[in-house]
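# Descriptive analysis of the structure
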Amino acid sequence: MEILVVNPNTTASMTARIGAAAAAAASPGTRITALQPAIGPASIEGFYDEALAVPGLLEEIAKGEARRVAGHVIACFDDTGLEAARALARAPVVGIGEAAFHLASLVAGRFSVVTTLGRAVPAIEQNLVKYGLAARCARVRAAEVPVLALEEEDGPARERIEAEIEAAVRDDRAEAIVLGCAGMVDLAAELSRRHALPVIDGVAAAVALVECLARLGLRTSKRGGYAEPLPKAIVGFPVRPPRGDGEARA
Ligand code: 5HY
């Protein structure tokens, strides 16, 4: 099966790290295609950037649907454009935020999220409520690290993330940590060892969930909120939903 992993920001180096982690998490026989849109913000930090990233994301989802991929991963922790993408797609679409929350809830009674900047926190908190998992999340913490600082090998980002993990264990009584940015993708294993608790990366979680859905033949419902978009005039926006049954290619 082929899984399309879309990094909704336009930073190629981040996409490369996301793609490597997705491929490492994928089962034998699963092909990962990781890419970023041609249009949109270099990083997504808060509501405004999120809105600007959606058109480019939908364009890539539509191309993946036309290629009949088995499923899509939205590799931005605020699950950018998730519901619009589900309306557009027939194949399953999983956001890394939602995936990480669900897996954390399977291995711990309560978890904390460590994300980048304070302005990213409200969107994550709103998603937790929307997904019905707010009661399992002790706190969404910001390490006050810009997203693109995670691209730097030896910056202060890692130290700040570790300090927030220690505070979450001490003050939130967190039993697991969810890493709140795709840019933290390659930190999970070592942080889990160093802090002796599950540290969850959403990219790996989402790849595993998409594989599970595809194997069970579960696809996005076209009843109600995720019904196929109605054909209408859309000025200046190229994306049209693919027509037909859209069965996934092997
Ligand atoms: C992410 N931004 O995962 C989010 C994290 C955040 O460009 N990729 C981004 O801070 O919201």
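Residues numbered from 1 in each chain as written. Predicted model: local features only at pLDDT ≥ 70, side-chain atom pairs only at ≥ 80, totals over all residues. Heavy atoms only, no water.

### A look at the site of the ligand
Around the ligand, the surrounding shell holds 13 residues, and the nearest of these are N9, I44, F77, T116 and A182. In the environment of the ligand, an oxygen atom lies 3.0 Å from a nitrogen or oxygen atom belonging to the side chain of N9. The backbone of I44 places a nitrogen or oxygen atom 2.6 Å from a nitrogen atom of the ligand. Look at the ligand: alone it shows 290 Å² of surface, and the protein chains cover 99% of it. Here the shell around the ligand is composed, by residue class, of 8 nonpolar, 5 polar and no charged. (Near = heavy atom within 4 Å. Polar contact = N/O pair within 3.5 Å; in protein donor to acceptor, adjacent residues only side chain to side chain. Areas by Shrake-Rupley, 256 points an atom, 1.4 Å probe, with all protein chains shown as cover. Nonpolar A, V, L, I, M, F, W, Y, C, P; charged D, E, K, R; others polar.)

### Description of the confidence of the model for the protein
Here the protein shows a mean pLDDT of 95. Residues at 70 or above account for 94%. Throughout residues 245–250 the model reports pLDDT below 50, and contacts reaching past four residues in sequence, or to other chains, amount to 17 contacts. (pLDDT = per-residue confidence, 0-100. Contact = heavy atoms within 4.5 Å.)

### Quick look at the pattern of salt bridges
Tallied over the full model, the rule gives 14 salt bridges. Its salt-bridge partner being R17, residue D186 comes within 2.9 Å of it at the nearest N-O pair. You can see D186 sitting in the loop between β7 (176–180) and α7 (188–195) and its partner R17 sitting in helix α1 (residues 12–25), a full 169 residues away along the chain. Note that R158 and E162 form a salt bridge whose closest N and O atoms lie 3.5 Å from each other. Of this pair, R158 and E162 are both found in helix α6 (residues 157–171), 4 residues apart, which corresponds to roughly one turn of the helix. Of the residues examined, R158 reaches a relative accessible area of 30% and is grouped as partly exposed. According to the relative accessible area criterion, E162 is buried, its value standing at 8%. Connected through shared salt-bridge partners, R158, E162, E190 and R194 make up one network. (Salt bridge = Lys/Arg side-chain N within 4 Å of Asp/Glu carboxyl O. Helix = DSSP H or I, 4+ residues; strand = E, 2+ residues; numbered from the N terminus. Buried < 20%, exposed > 50% of the residue type's maximum accessible area, 1.4 Å probe, protein only.)

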